[in-house]
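Notes for the structure review
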Amino acid sequence: FLFHGFEPAAVAGGHASAKAAAQAWASTGPDTRQYGVAYVGSNWHRWAQVRAFLEQYEKVRGVLGRACLAGWDWAERPKWAIDNGIAGIDTDPDLLARLGVELHGGMRYDEITPLLGKARFAPILHRPLFRHLGFVTGRTFETFHADTVPVILLPKDQVEALYGPAALALTPGDDIAGHLTDQLAHPERTWEAVFATREHLTRHHSYARRLAELEAIARAAA
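A quick note: this is a predicted structure, and the numbers were derived from the prediction, not measured.

Moving on: the overall build of the protein. The secondary structure content of the protein amounts to twelve helices and five strands. At 18 Å, the protein has a C-alpha radius of gyration in line with the 17 Å of a compact globule built from 222 residues. The buried share of the protein, taken over its 222 residues, is 46%. A separation of at least 24 residues holds for 76% of the contacts in the protein among residues at least 6 apart in sequence. Carbon and sulfur atoms provide 57% of the accessible area of the protein, an area that totals close to 11000 Å².

Applying the stated rule across the entire model yields eleven salt bridges. Notably, a salt bridge pairs Arg33 with Asp147, separated by 3.3 Å at the nearest N-O pair. With Arg33 in the loop between helix H1 (18-27) and strand S1 (35-40) and Asp147 in the loop between helix H8 (138-142) and strand S5 (149-152), this pair connects stretches of sequence that are 114 residues apart. Both residues of the pair, Arg33 and Asp147, belong to the buried class. With a closest N to O distance of 3.6 Å, Arg209 and Glu213 form a salt bridge. Here Arg209 pairs with Glu213, and both are found in helix H12 (residues 207-221), just four residues apart, close to one helical turn. A relative accessible area of 35% places Arg209 in the partly exposed class. Glu213 sits in the partly exposed class, given a relative accessible area of 26%.

Tracing the backbone shows Phe195 in helix H11 (residues 187-205). Taking the relative accessible area as the measure of exposure, Phe195 reaches 18% and is therefore buried. In sequence terms Phe195 and Ala16 are 179 residues apart; their C-alpha atoms lie 9.9 Å from each other.

On to the packing of aromatic side chains, then. Aromatic ring pairs are defined here through the distance separating the ring centres and the angle between the ring planes. One pass over the structure, following the stated rule, counts eight aromatic pairs. With a centroid separation of 6.4 Å and 80° between ring planes, the pair formed by Tyr39 and Trp74 is classed as edge-to-face. Here Trp74 lies in the loop between strand S2 (67-70) and helix H4 (79-84) and Tyr39 lies in strand S1, a separation of 35 residues in the sequence. Owing to a relative accessible area of 5%, Tyr39 belongs among the buried residues under this scheme. On the basis of relative accessible area, Trp74 is assigned to the buried category, the value being 1%. Put simply, the rings of Trp25, Phe121, Trp191 and Phe195 pair up and form one aromatic cluster. One Lys or Arg, Arg127, reaches over the ring of Phe130 and ends 5.8 Å from the middle of that ring.

Another aspect to go through is a nonpolar patch on the surface. A cluster of nonpolar side chains, namely Leu129, Leu133 and Phe135, defines an oily patch on the protein surface of about 300 Å² accessible area. Structurally, Leu133 can be placed in helix H7 (residues 128-133).

The pLDDT averaged across the protein works out to 93; a share of 99% of its residues lies at or above 70. Of all the helices and strands in the protein, H4 carries the lowest mean pLDDT, 90, while S5 carries the highest, 98.

Listing the buried residues of helix H9 (residues 156-163) in full gives Gln158, Val159, Leu162 and Tyr163. Projected down its long axis, H9 carries its buried residues within an arc of 105°, all on one side. Of the exposed residues in H9, the ones pointing more than 90 degrees away from its buried face are Lys156, Asp157 and Ala161. Structurally, H9 contributes buried residues whose contacts are with strand S4 (119-124), H7, H8, S5 and H11. In the segment just after H9, Gly164 is the residue with positive phi, at about 90°.

About the cut-offs
Residues numbered from 1 in each chain as written. Predicted model: local features only at pLDDT ≥ 70, side-chain atom pairs only at ≥ 80, totals over all residues. Heavy atoms only, no water. Helix = DSSP H or I, 4+ residues; strand = E, 2+ residues; numbered from the N terminus. Rg over C-alpha atoms; globule rule 2.2 N^0.38 Å. Buried < 20%, exposed > 50% of the residue type's maximum accessible area, 1.4 Å probe, protein only. Contact = heavy atoms within 4.5 Å. Areas by Shrake-Rupley, 256 points an atom, 1.4 Å probe, with all protein chains shown as cover. Salt bridge = Lys/Arg side-chain N within 4 Å of Asp/Glu carboxyl O. Phe/Tyr/Trp six-rings, centres within 6.5 Å; stacked < 30°, edge-to-face > 60°. Lys NZ or Arg CZ within 6 Å of the ring centre and 35° of its normal. Patch = residues over 30% accessible without salt bridge, like charges linked within 9 Å, V, L, I, M, F, W, Y side chains within 5 Å. pLDDT = per-residue confidence, 0-100. Arc of directions from axis to C-beta.

Pasting the structure below:
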């Protein structure tokens, strides 16, 4: 928590209300929303979750559009990992090709929010060790900066603790395809959950709050 947080001023889209955001989100076509879903994160102990998501997404791809993965080593298992027998960087080029997933390499931090804003949905997931230890990452909060609907692929107790109760509406459980279909059918309800979660993040996880927490730690240690 010390180094990751939410910055309200960084939220893209400029929508004054959930209703306005929902109307814009529901009405945009492929010229603006190039992807149905986009995920940014390098392939290190993430493939099992990404694969499970894509296999569900395949059921609704015809409605939502293509997917995009950005980050290192999604296209194939790197030679250095093969040569050294290093696990944790698995992928399935045949599956990605069958689904027509667009692949990008590593991205600069200031390119992440614009890319996610080109998609209707953006998954949030943590590596298994981070889920077990309750650690967060930059993407835990950054995804809510983007003009997209987050899909939170975390245990519900962690979701409520991190994001607040409204975020449970953005948590699909096992039926990801059904969840995405429902979200698309009820855009205003969906964006009300996004706005309420952003308000929770502003109160509890903004960088201003982080600074206050660090100052309290420093005073306590003095």
